[in-house]
Amino acid sequence: MNRTASVSRTAFTVAARQTTVRGSQALFARSYAVGQNLLEGQANLKAVDGKDLSLTDLFKGKKVVVFGLPGAFTPVCTSRHVPGYVDSADKFKAKGVDNVVCVSVNDPFVMKAWGESLKANNITLVADWDSSFTKLVDKELDLSAAGLGKRCRRYSLIVDNGKIVKENIENAPNE
C-alpha cells in the first residue's frame, strides 16, 4: 500500500471512530428497517449514463442486493468491497437475485469511471449524487475529518419488491 492510500485509510478510520463515539445513538438509528418498503420513499438517483433512476425502476417486482459505500476510488472500497460483490454477483443471481446495486454518494461520471476501472460489468453502480437515498435509509456518515464530507456508511440490504428483508451495517471500518 502506498503512503497516500495508507494516510487516507487512517483518516477514514479516525473519522469513522470519532463519529461513532460522538453520535452512536444517531449513527445506528434507522428510518427504514427490515419490513419497510422503499417504494414509498423518494430519492434522486442517477445511472452511470446520467439518466434518472427511480426507486420503482430499481426495486419493483425484483429481488435486489444493495450495498452502499462511502466513496468511489477510496482505498478499501476499491480494493475489497466492490471486487467482492463483482466476484459474488453470479452466485447471488443463481439464488434468485435480479440485480446487485452499488450506491455511493458521488456523481454519475465518477461512478462510471470507477465501474470501468474495476470491470464491474455484472453489477449496477448508482450515483446518490445528493445523498437522498443515503438519508432515506438513514445511513449517512460524516467523514469530514477525513476530508470526505457527508457520505454513506458501508451497508448491505436485501430488497424484495421494494421491501427490505435483510440489513447489514458495518460497525467498524474495514469490517
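No experiment lies behind these values; they were computed from the predicted model shown. (Residues numbered from 1 in each chain as written. Predicted model: local features only at pLDDT ≥ 70, side-chain atom pairs only at ≥ 80, totals over all residues. Heavy atoms only, no water.)

1. Digging into the nonpolar core
Ranked by size, the top nonpolar core spans 22 residues in total, and within it Leu38, Leu45, Phe59, Val66, Phe133 and Tyr155 carry the most contacts. If you list the elements that add at least two residues to this core, you get strand 1 (45–47), helix 2 (55–59), strand 3 (63–69), strand 4 (99–104), helix 5 (132–136) and strand 8 (155–160). By size, the runner-up hydrophobic cluster in this structure holds 18 residues, among which are Leu69, Cys77, Tyr85 and Val100. (Core = buried A, V, L, I, M, F, W, Y, C linked by side-chain atoms within 4.5 Å. Buried < 20%, exposed > 50% of the residue type's maximum accessible area, 1.4 Å probe, protein only. Helix = DSSP H or I, 4+ residues; strand = E, 2+ residues; numbered from the N terminus.)

2. Some details on the pairing of strand 8
Relative to strand 8, strand 3 is paired through 6 bridges, and the arrangement is antiparallel. Paired with Val66 across the two strands is Leu157, which belongs to strand 8. For strand 8 and strand 9 (residues 163–169), the ladder comprises 6 bridges, and the chain directions are antiparallel. Bridged to Ile158 within strand 9 is Lys166. Taking the residues between adjacent antiparallel strands as the criterion, strand 8 and strand 9 are bridged by 2 residues, where Asn161 takes a positive phi near 50°. (Pairing = 2+ DSSP bridges.)

3. Concerning the sheet that holds strand 3
Reading across the sheet, the 7 strands line up as 2-1-5-4-3-8-9 and stay open at both edges, with mixed pairing between neighbours. Strands with a single pairing partner mark the edges of an open sheet, and in this sheet they are strand 2 (52–53) and strand 9. Along the sheet, helix 3 (residues 75–94) makes contact with strand 3, strand 4 and strand 8, crossing strand 3 at roughly 175°. Running over the sheet, helix 4 (residues 108–118) touches strand 1, strand 3, strand 4 and strand 5 (124–127) and is turned about 155° from strand 5. (Contact = heavy atoms within 4.5 Å. Axes fitted to C-alpha atoms, helices over the stretch in contact; angles between N-to-C directions.)

4. Overview of the pattern of salt bridges
Evaluation of the coordinates by the stated rule reveals 3 salt bridges. The residue Glu170 makes a salt bridge to Arg154 at a minimum N-O spacing of 3.2 Å. Taken as a pair, Glu170 in the segment after strand 9 and Arg154 in the loop between strand 7 (150–152) and strand 8 lie far apart in primary sequence, 16 residues in all. Neither residue differs from the other here; Glu170 and Arg154 are each classed as buried. (Salt bridge = Lys/Arg side-chain N within 4 Å of Asp/Glu carboxyl O.)

5. Description of the UniProt feature "active site" (unreviewed entry) in the protein
The residues that UniProt annotates with the feature "active site" (unreviewed entry) are Cys77. For Cys77, the location among the structural elements is in helix 3. Not counting residues up to four positions away in its chain, the partners in contact with Cys77 are Leu69, Pro70, Gly71, Val82, Pro83, Trp114 and Arg154. (UniProt positions renumbered as here; feature names shortened; annotations may be inferred.)

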